[in-house]
Amino acid sequence: MEPFEPRVVAFLCNWCSYTGADLAGTSRKKYPTNLLPIRVMCSGRVDPEFILKAFREGADGVIILGCHPGDCHYINGNHKTLGRFPILKKLVQQFGIHPDRLRLEWVSASEGDRYAVVVAEMTEQVRKLGPLRWNTRIKETVAASAAGGE
């Protein structure tokens, strides 16, 4: 049996975090390759449906990476994200997803080292939680409900 390798979807702010990821790569920083980066214009534009869709499509974890508060290209997008995040954690919990599978971090364009550390931490955190298989569990729950209702 092969060891579990988590799939982590990352929403990266175009102006800071995506550039920080690029710096980590061009600086040849070592970090896990389990991350699927998705560039968004601002962390404030990450819709809760994007997060649920990532989990539904097979992600074991989701991380939102944005500009540090006070440094947002769109002035207050990251403040909106920060305010929304506790609600997002509760939302995923209501769907039966452990809240540690969702994370928010600030990474600037000059923080390639920080990007590598955050990615490694998130990958290890999700690895410890094990595979999510959320979509499979939903189908099993629906099938059990349908069988019980007959």
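Quick note: structure is the one above.
Residues numbered from 1 in each chain as written. Predicted model: local features only at pLDDT ≥ 70, side-chain atom pairs only at ≥ 80, totals over all residues. Heavy atoms only, no water.

**Student:** Would you mind showing me how to read the packing of aromatic side chains here?
**Tutor:** How two aromatic rings sit relative to each other is given by the distance of their centres and the angle of their planes. With the rule as written, the count across this model stands at three aromatic pairs. Positioned over the ring face of Tyr18 is Arg39, at 3.8 Å from the centre of the ring. (Phe/Tyr/Trp six-rings, centres within 6.5 Å; stacked < 30°, edge-to-face > 60°. Lys NZ or Arg CZ within 6 Å of the ring centre and 35° of its normal.)

**Student:** It is not clear to me how the pattern of salt bridges should be interpreted in this structure. Could you clarify?
**Tutor:** Pairing between side chains becomes possible if they bear opposite charge and their charged atoms approach one another. Throughout the structure, instances matching the rule amount to eight salt bridges. With its nearest N and O atoms 2.6 Å apart, the salt bridge here joins Arg103 to Glu121. Of this pair, Arg103 sits in strand 4 (residues 102-106) while Glu121 sits in helix 4 (residues 112-129), placing them 18 residues apart in sequence. Judged by its relative accessible area of 38%, Glu121 is partly exposed. Ionic pairing is found between Glu105 and Arg114, a salt bridge with its closest N-O pair at 2.6 Å. Judged by relative accessible area, which is 16%, Glu105 ranks as buried. Classification of Arg114 as partly exposed rests on a relative accessible area of 30%. Several salt bridges share partner residues, and in doing so they unite Arg103, Glu105, Arg114 and Glu121 into one network. (Salt bridge = Lys/Arg side-chain N within 4 Å of Asp/Glu carboxyl O. Helix = DSSP H or I, 4+ residues; strand = E, 2+ residues; numbered from the N terminus. Buried < 20%, exposed > 50% of the residue type's maximum accessible area, 1.4 Å probe, protein only.)

**Student:** Got a minute to help me understand the pairing of strand 1 (residues 8-13) in this structure?
**Tutor:** Along any regular strand the residues' side chains alternate between the sheet's two faces. Within strand 1, six of the six residues are buried, leaving the element largely enclosed by the surrounding structure. The alternating pattern of strand 1 places Val8, Ala10 and Leu12 on one face and Val9, Phe11 and Cys13 on the opposite face, and all of these are buried. One ladder, built from six bridges, connects strand 1 with strand 2 (residues 35-40); its direction is parallel. Each bridged residue has a counterpart across the sheet, and for Val8 the counterpart in strand 2 is Leu35. Crossover connection from strand 1 via helix 1 (residues 17-26) to parallel strand 2: handedness right-handed. (Pairing = 2+ DSSP bridges. Right-handed = clockwise from strand over helix to strand, strands pointing away.)

**Student:** Is there a simple way to think about unusual backbone geometry in this case?
**Tutor:** Glycine aside, negative phi is the norm for most residues, and most peptide bonds take the trans geometry. One non-glycine residue, Arg28, adopts positive backbone phi at about 60°. With relative accessibility at 72%, the residue Arg28 sits in the exposed group. Backbone geometry at Arg133 places phi at a positive 50°, although glycine is not the residue there. Position of Arg133 relative to the elements: it lies in the loop between helix 4 and helix 5 (134-148). Relative accessible area serves as the criterion here: at 56%, Arg133 is assigned to the exposed category.

**Student:** Hey, could you run me through the layout of surface pockets in this one?
**Tutor:** The computed volume of the largest pocket comes to approximately 200 Å³. Of all elements in the fold, only strand 1, strand 2 and helix 2 (48-56) reach the threshold of two or more residues within the lining of the largest pocket. Partitioned by chemical class, the residues of the lining of the largest pocket number nine nonpolar, two polar and three charged. (1 Å grid on protein atoms, 1.4 Å probe; cavity = no way out; pocket = protein on both sides within 12 Å on 5 of 7 lines; lining within 4 Å. Points joined across faces, edges and corners; volume = space filled by probe spheres on them. Nonpolar A, V, L, I, M, F, W, Y, C, P; charged D, E, K, R; others polar.)

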